[in-house]
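If you want the building blocks of each chain, they are given just below.
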Amino acid sequence: MTDDAADPGADVLDELFAVIEERKETLPEDSYTASLFDHEKGDNAVLEKLGEESTEIVLAAKDDDREELAHESADFVYHLLVLLAMKDMDLADLRAELAERR
Ligand SMILES: N=c1c2ncn([C@@H]3O[C@H](COP(=O)(O)OP(=O)(O)OP(=O)(O)O)[C@@H](O)[C@H]3O)c2ncn1[C@@H]1O[C@H](COP(=O)(O)O)[C@@H](O)[C@H]1O
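About the cut-offs
- Along each chain, the written sequence defines residue order, and numbers are assigned to residues from 1.
- Totals for whole chains, interfaces and linings use every residue, but because this is a predicted model, local features are given only for residues with pLDDT of at least 70 and side-chain atom pairs only at 80 or more, for both listing and counting.
- UniProt positions are given in the numbering used here, feature names are shortened, and annotations may be inferred rather than shown by experiment.
- Lines fitted to the C-alpha atoms define the axes, with helices restricted to the stretch that makes contact. Angles between their N-to-C directions range from 0 to 180 degrees.
- Helix and strand definitions here come from DSSP, where helices need a minimum of 4 consecutive H or I residues and strands a minimum of 2 consecutive E residues; each element is numbered from the N-terminal end.
- Orientation is classified from the angle alone, with under 35 degrees giving roughly parallel, over 145 giving roughly antiparallel, 65 to 115 giving roughly perpendicular, and any other angle giving oblique.
- When the near helix sits turned anticlockwise from the far one by under a right angle, the crossing is termed left-handed; a clockwise turn instead gives a right-handed crossing.
- Each residue is represented by a C-beta atom placed from its backbone, and any two residues with such atoms within 7 Å are regarded as in contact.
- Following the grouping adopted for this structure description, the nonpolar residues are Ala, Val, Leu, Ile, Met, Phe, Trp, Tyr, Cys and Pro, the charged ones are Asp, Glu, Lys and Arg, and the polar ones are all others, Gly among them.

In the annotation of an unreviewed UniProt entry, the chain is listed under the name Phosphoribosyl-ATP pyrophosphatase and assigned to Natronoarchaeum philippinense. The record in UniProt for the chain states the following under Pathway (unreviewed entry): "Amino-acid biosynthesis; L-histidine biosynthesis; L-histidine from 5-phospho-alpha-D-ribose 1-diphosphate: step 2/9." Here the chain is described in UniProt, under the heading Sequence similarities (unreviewed entry), as follows: "Belongs to the PRA-PH family."

1. As for the packing of helix α2 (residues 12–26) against helix α5 (residues 66–86)
One can describe the packing of α2 onto α5 by two numbers: an axis separation of 10 Å at closest approach and a directional angle of 50 degrees. As far as their axial angle goes, α5 and α2 are oblique. With respect to the hand of their crossing, α2 and α5 are arranged in right-handed fashion. Contacts between α2 and α5 involve Leu16, Phe17, Ile20, Glu21 and Lys24 on the former and, on the latter, Tyr78, Leu81, Val82 and Ala85. Tallied by class, residues from the contact of α2 with α5 come to 7 nonpolar, no polar and 2 charged.

Right under this line is the structure:
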């Protein structure tokens, strides 16, 4: 059994990051992700979103609402990946930083 068969979501972060990088390169008009890369507020658009999502995570946790906590956490991780791509970083940078702490 491969790791993927054991965990169907194992590659979801890599796949999402690859889509984000593609949107950064091609900037399609109908893409929310592309709109963040091309925003008149620059980096501030995604930074503001990260701030909002952090607050929503805290509120969901305080309410002990696990479904909402998962939803808001996913929103936060998505925007974090957009920020990493914006700064010409990637998941390898994040994984390396975490691995150094083991
Ligand atoms: N994973 C995401 C993703 N997570 C969150 N979001 C967007 O981030 C925004 C979050 O803003 P808000 O917090 O205001 O969200 P909301 O739904 O209005 O309100 P809440 O649910 O937070 O209460 C919404 O517009 C969401 O659609 C995302 N937009 C895109 N993706 C993925 O990014 C890839 C590229 O998609 P496009 O951007 O459509 O090209 C695809 O794989 C998508 O699935």
